[in-house]
Amino acid sequence: MAAAQNRLAELTGPGNRVLVVGLGRSGIGVVRLLVSRGARVTATDSAPLEQLSQDFRDWAELHNVELAGGGHSDALLDDIDLIITS
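Definitions and cut-offs
Residues numbered from 1 in each chain as written. Predicted model: local features only at pLDDT ≥ 70, side-chain atom pairs only at ≥ 80, totals over all residues. Heavy atoms only, no water. Pairing = 2+ DSSP bridges. Helix = DSSP H or I, 4+ residues; strand = E, 2+ residues; numbered from the N terminus. Axes fitted to C-alpha atoms, helices over the stretch in contact; angles between N-to-C directions. Contact = heavy atoms within 4.5 Å. Buried < 20%, exposed > 50% of the residue type's maximum accessible area, 1.4 Å probe, protein only. Lys, Arg positive; Asp, Glu negative; His and termini not counted. Salt bridge = Lys/Arg side-chain N within 4 Å of Asp/Glu carboxyl O. Polar contact = N/O pair within 3.5 Å; in protein donor to acceptor, adjacent residues only side chain to side chain. Core = buried A, V, L, I, M, F, W, Y, C linked by side-chain atoms within 4.5 Å. Phe/Tyr/Trp six-rings, centres within 6.5 Å; stacked < 30°, edge-to-face > 60°. Lys NZ or Arg CZ within 6 Å of the ring centre and 35° of its normal. Expected span 1.5 Å × (residues − 1). Arc of directions from axis to C-beta.

Bringing the sheet that holds strand β1 (residues 17-21) into the picture now. Read from one edge of the open sheet, 4 strands run β3-β2-β1-β4, paired in parallel fashion. Of all strands in the sheet, those bounded by a partner on one side alone are β3 (66-68) and β4 (82-85). Taking each pair of neighbouring strands and ignoring which way they run, the sheet shows an average axis angle of 20°. Here strand β2 (residues 40-44) runs beside β3; their pairing, made up of 3 bridges, is parallel. In the sheet register, Thr42 faces β3, and the bridge partner there is Glu66. Against the sheet, helix α2 (residues 25-36) touches β1, β2 and β4, its axis set at about 170° to β1.

Structure follows, in structure tokens:
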């Protein structure tokens, strides 16, 4: 278990690129956690971004989180170290 936790810490730590698929409550929580760990985060949802709260969209912009809505593009997979589905 410790080895798995260490590997997860490596993948979600500073400088790593993480894609979060799904921006419901848990997805947004994961995005916030990853940013706090120093990861570079891209997040996508099938719903249009306008359906996310303005507070979260503002927070994401402030923290350089790339948001994509209205579907999941294959281009988002470029240079990603870890994908988290929510």
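Our focus in this paragraph is the side chain of Arg17. Mapped onto the secondary structure, Arg17 falls in strand β1. The side chain of Arg17 sits in the buried core without any salt bridge; Glu66 is the nearest counter-charge, 4.2 Å away. Reaching out from Arg17, the side chain makes a polar contact with the side chain of Thr42 at a distance of 2.9 Å. Residue contacts for Arg17: discarding those within four places in its chain leaves Arg40, Thr42, Glu66, Asp79, Ile80, Asp81 and Leu82.

What follows concerns the nonpolar core. Val20, Leu23, Val31, Val41, Phe56, Trp59 and Val65 are the most contacted members of the largest nonpolar core, which has 17 residues in total. Where this core is concerned, the elements lending two or more residues are β1, α2, β2 and α3 (54-62). Here this core takes 4 residues from α2, the largest share from any one element. Those residues within four positions of Val31 in sequence are excluded, and the remaining contacts are Val20, Leu23, Val41, Ala43, Phe56, Trp59 and Val65. Val21, Ala68, Leu76 and Ile80 belong to the second-largest nonpolar core, a separate cluster that totals 5 residues.

Another point: the packing of aromatic side chains. Using the criterion set out here, one finds 1 aromatic pair in the structure. Aromatic pair Phe56 and Trp59: ring centres 6.0 Å apart, planes at 20°, arrangement stacked. Residue Phe56 and its partner Trp59 are both found in helix α3; the two are separated by 3 residues, about one turn of the helix. Over the ring of Trp59 we find Arg32, and its NZ or CZ is 4.6 Å from the ring centre.

Another point: α2. Here α2 spans 17 Å end to end across 12 residues, near enough to the 16 Å set by a 1.5 Å rise per residue. Within α2, burial applies to Gly27, Ile28, Val31, Leu34 and Val35. The buried side chains of α2 occupy one side of the element, clustering within an arc of 125° when seen end-on. Facing away from the buried side of α2 by more than 90 degrees, the exposed set consists of Arg25, Leu33 and Ser36.

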